[in-house]
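So you can see what is in the structure, the chains are spelled out below.
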Amino acid sequence: MTAALMVWRSTASKKVKFFVIAISILATLSLVRIWADVLDLTSRGTISAALGLAVPIGLAGLGGLWAERAGVVNIGLEGMMILGTFGAGWLGYQYGPWVGLLGAIGFGLAGAAIFALATITFGVDQIIAGTAMNILGLGFAQFFAKITFANLPGGGPTQSPSIEPLPTFTLDSLSDPLVDIHRDGYFMISEIAGFISGVFFRLSILTVLAAGLFIATSYILWRTPFGLRLRSVGENPHAADSLGVNVYLYKYIGVLTSGVLAALGGAFLAIAASGVYREGQTGGRGFIGLATMIFGNWRPGGTAMGAAVFGYIDALQLRDANGTAMRAVVLLGALVLFALAIFALRAKRYQTMFALGVISAALISWFLVTTQLPREVALVAPYLATLLVLAFASQRLRPPAADGIPYRKGESK
Amino acid sequence: MVAARRKILLAVQLQGIWKRFPGVIANSDINLKVESGTVHAIVGENGAGKSTLMKILYGMQKADEGTISVNGTEIVFNSPSDAIDVGIGMVHQHFMLADNFTVLENVVLGSEPRKAGSLDFTAARNKIVEISTNYGLDIDPDALVGDLGVGDRQRVEILKVLYRGARILILDEPTAVLVPHEVDELFEALNGLKAEGITIMFISHKLDEVLEIADEITVIRRGTTVATLNLKTQQVTAEELAELMVGSELPTPETRGSTVTDKVILSVSGLTATNKDGKDEISDLSFEIHAGEILGIAGVEGNGQSELVEAIMGTKAATGKVVINGVDVSELGTRKRRELGVAYIPEDRSRLALLLDAPLWENRMLGHQTQIPNAKGFRLTPKLAREDAKRIISEFDVRTPSVDVLASALSGGNQQKFIIGREMSGEPILLVASHPTRGVDVGAQAAIWDELRAAREKGLAVLLISADLDELIGMSDSIKVILRGKFVADADPATVTPQELGNAMTGAVKAGKQ
Amino acid sequence: MIKRLDTLLAPLFAVMFSVIFASLILLAFGANPISTFLRMFDYATTPRSMTLILNSATTYYFSAVAVAIGFKMNLFNIGVNGQYRLATAVAALVAGYVTFPGYLGIPIIIFISMLVGAAWAGIAAWLKVVRGVSEVISTIMLNFIAIGLIAYLMAPTVLGVQTAENVIGTPIISEGNRIPGFTLPSAPIPVYGMFFLAVALGVSYWYILNRTRFGFDLRAVGMSPTAAVASGVNVKRMTVYAMLLSGAVAGLVGLPLLLGAQYTFTVNFPGNYGFTGIAIALLGRNHPVGIAFGALLWAFLDVSAQILDLTGVPREIIVIMQGVIVLSVVIAYEVTRRIKIKRQQAAVGSAGH
């Protein structure tokens, strides 16, 4: 895997990079599966669940990206996601899932509008406003859920009646044969089989939509004038202003889009994942979304990867009754850290290398001595990973230069 | 100035420009003629009115009176877009660039070429390469701006305005951030632009460079045009220029007895500080100040005075040795240095010397939190601090209703008086004062000078930075001139001539007297 | 004097606005706002309710002071949730498993709780000072990590025990480790003994901030980092101290409930006091007395909400009110700040610079 990373560093071509990453991930997973003897690591069920868990996280992260690329830190994503779940539930049970989606978008937009007004026009501190949004979003959803759902059949004070599901599809002809290939346990081939069968098993149309949004974001923000201007507002708003860009407008667009995306994430939770609005179903995913955005270096591709990794860990730990699969993941993590430590050594960053090496060694020795990972510890993996990235990779991270700085037109530096 | 009657195309003509701000006249009756395809320099001291004039020309400000003509046609600017439309492009002193963007992205922002809704990167790249080659700017459109050096970034700024069709460039203090070889590269680029017919207006106070590159020079002093010189038809020496900028009179110092003793209070050797681009802000400075001595530092602002002060106070990292009253403080932090008895009057009082949102009596403690009367051990003693604040207010004539008033409510002059009163309390042994009487009315200024002289008689050592020649000549026992981070001349306030001082300050004469 | 009035204006406005906003919602759903608020008020003034209010306010006070310490230095300690929960869990474990002679246990337990809170906040401080990581993100991450850590500790295979049917938590705390309370006349339950500690904390908070060199340095960094540096403050060191202090106070947040009423810690221990602390610190403008009023107001809203269910109005209207208060108070602060600056600029404009 180290070799793979080295190759990755030396090639500039995006296509080759992607290929190399994919191969190395598959290879490593395969090795770990064999070594730890855990078939479930790459089974259809796991992959399918991982995808399902990754979508809301990814959408939240994408929402955070749109806001921060415009220079606004939005930690109120959780509140906007909650509003999304409520909107989806409220309109969804009455008029069907598609209207539910619209409902989510509407509520997310409203929440984002309040946040935008406070931070962009009034210049209120973004962290404080975001915290307020989380309180408001939760309270609002709780209040209106009680009023509207309490006396409905199938509903209750904290839950909506069920929402008709959205269409999903499965690649039936391939699905079962692929599962058999996976079960046979060939190196690498099984992994590929597992992945393909998992992705196309009960694939929700919302997942496809989410993937489309990621691709669209990548295109819009990096290949159009609109996207250039929006990003410029997050990099150096005064420079953008001096060239005639309407800074306030683009900040608003970024924040409103972030609200819509977070709400869509909530809609996924309500419509596709559980089929109802339920209080507390967001479970902190708004914050995990922020983590994936940082993990992904404020780029859509990276955010998607981060969401995939977190979703995968989440899925694995949900399906893992006796902690054996999670233990395998620890091994996986240790190997990754080890490879990164070698990298740090080559870059002469000794402090980082030492730290990563120690952690890696500790994890490997832990793996060898134990047979299972307590599930509570597994739950914190995404957060720990983010902290590690922040602590040791801050040089590699490139947040937008003017991120989080309130902007007043005409105020010179 | 004999003007032969031939048809000269004037790219820019300003006639009778006046601009007033509350309390100050920034521009009075400015007349400026810039020939097409030439490099026209505008020189003057800081505060002479150059920036205001350029803002008017670029449409960021509107003149109260007077006319602007571009290429022969009279025109009115309501915003920078109007100026851009007639081909004027401004390259600001502080670059407006996004470090995380490529050159291409920075240049086309706001004027992006499009192809079916998306950004036409190819067209942009081609145009940039074309401009870069035509004008000899040598820029890679796909380079990340954050990776570029200062000289390259400046050329990106120039590229930005050329991309938008500018034929008249205004450069605001372009060489302020460049090292000598970058200056050469810039001048090469400017000559290349001139060869293609671009008109360049160049604001500066560095006379040696101006003489090197300009075809014509307009000198501005105290808001008005003092002279226009055509270097093609006239021979101008730097000394003459300096005199025009600075004025031919200098105040005569008061005769008084010397109080300079033998005891060295401040000793600095080999002090060097570099900024994050690797450029030396001050290099290898060495000097001594004795008890009872005032050392004045003369120089045009931005030549390293602030960095020198920060390095001595410990708020800026620097190499070299600083010894205060026999104690080597080179490795010590700001608090330890101040506790040795160092008083500090910084030039930017609202950022460095005051807590604007705190009442005056708390500001009495700022900088001296560990000393009487502000604190005893870890406890503050507000009662004593308040008493002392009252004393300062009466002794230094600070106009304020009480010691509970927020610092932000005081006028600038009164704030300065309070700060000086605070710093002079507690019997300091060394005073580092940067423009101490800036913003203070004349009467208070004289009173402050008296205080300083009295303290000096008692043995206070003073490092005095000032742009006010009255103050510098009148107060100092000796003067050093600083230029581009190095000491270039020593001067005796009793005997120095205006030309000598002006020359040294502006670099008209490169070597200094020892 | 006028300055005082100015400061009160924004919170008053925020509360009023929130009341009006809530009234509109109530009207829209067919409830009578005036009678609703009157019933809330009536309910809240019974001795039982007043006890509950004082108890909640005690907890909120600790949380708000913890947050305020950070705010005074422009540090955002969003991690109070994680800090207090971890601290309380550890404190509960110690209190449950260890018996101390006499009442010696109580100060020891309090100390341990503060230590854990400080340590957890210290991680974020270290990350900020040494690696430049924003304390906002790191404390949020640490919150979640704390939850995982607590869950691990509470598992029956580790340190948890069965304290009741279907309840796994820390062992029930013995008499010697509990903090006795005092009872208001005709109240059925006691007020937490830690109420007095809260008062003492408020006084110490005020004293340290306004009467010590450390407090001066801290406030100076918050008001003007550049001036603080010029006056000799070591900003990195102050950052660490402030975060540690904030975390230590956060460690107190769960103790009133733990040692005064519940006597055991489970994973269901209330987990949102941190955000409440942020809201109250904002409302009270980081001032010890302001925070006290804010805490009482918040507690009043919480307690009076209980009566709402009986009137047919969902009690969550209180949460909406609380959210609106926070948002409107910060907007109001921002607006008043800009007006003040404009006024000052106009005055200074004529005097030269």
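Up top you'll find the structure we're talking about.
Reading the values: rules and limits
- Residues numbered from 1 in each chain as written.
- Chains lettered and ligands numbered in written order.
- Predicted model: local features only at pLDDT ≥ 70, side-chain atom pairs only at ≥ 80, totals over all residues.
- Helix = DSSP H or I, 4+ residues; strand = E, 2+ residues; numbered from the N terminus.
- Rg over C-alpha atoms; globule rule 2.2 N^0.38 Å.
- Buried ≥ 20, exposed ≤ 12 C-beta atoms within 10 Å, placed from the backbone.
- Contact = placed C-beta atoms within 7 Å.
- Pairing = 2+ DSSP bridges.
- Axes fitted to C-alpha atoms, helices over the stretch in contact; angles between N-to-C directions.

Topic: the overall build of chain B
Secondary structure assignment for chain B yields 17 helices and 24 strands. Its C-alpha radius of gyration of 26 Å places chain B within 12% of the 24 Å reference for a compact globule of 514 residues. For chain B, the spread of C-alpha atoms along the principal axes amounts to about 70 × 55 × 45 Å. Relative to its full complement of 514 residues, chain B shows a buried share of 48%. Excluding contacts between residues fewer than 6 apart, the proportion of contacts in chain B whose partners are at least 24 apart in sequence is 69%.

Remarks on the sheet that holds strand β5 (residues 73-75) of chain B
Residues and elements named next belong to chain B. Pairing is antiparallel in the open sheet, where four strands are placed in the order β2-β1-β4-β5. Only two strands of the sheet have a single partner each, and these edge strands are β2 (24-35) and β5. Taken pair by pair, the neighbouring strands of this sheet meet at an average axis angle of 25°, ignoring direction. Two strands pair when backbone bridges link them, and strand β1 (residues 10-21) and strand β4 (residues 65-70) are joined in this way by five bridges, in the antiparallel orientation. Across the sheet, residue L14 finds its bridge partner in β4, namely I68. Sitting on the sheet, helix α1 (residues 50-57) touches β1, β2 and β4, and the angle it makes with β1 is about 120°.

Focus: the pairing of strand β11 (residues 216-221) of chain B
Along any regular strand the residues' side chains alternate between the sheet's two faces. Residues and elements named next belong to chain B. The buried fraction of β11 amounts to five of the six residues, a majority that puts the element mostly inside the structure. Two strands pair when backbone bridges link them, and strand β3 (residues 39-43) and β11 are joined in this way by four bridges, in the parallel orientation. Looking at β11, one finds that A41 is bridged to I217. Sheet topology places β11 next to strand β12 (residues 224-230); six bridges connect them, and they run antiparallel. Across the sheet, the residue bridging to I217 is L229, located in β12.

With respect to the interface of chain A and chain C
Of the residues lining the interface, 35 residues belong to chain A; the matching set on chain C comes to 35 residues. Broken down by secondary-structure element, the contributors of at least two residues to the side of chain A that touches chain C are α6 (126-149), α13 (285-295), α17 (375-379) and α18 (381-392) of chain A. Among the elements that make up the side of chain A that touches chain C, the one with the highest residue count is α6(A) (14 residues).

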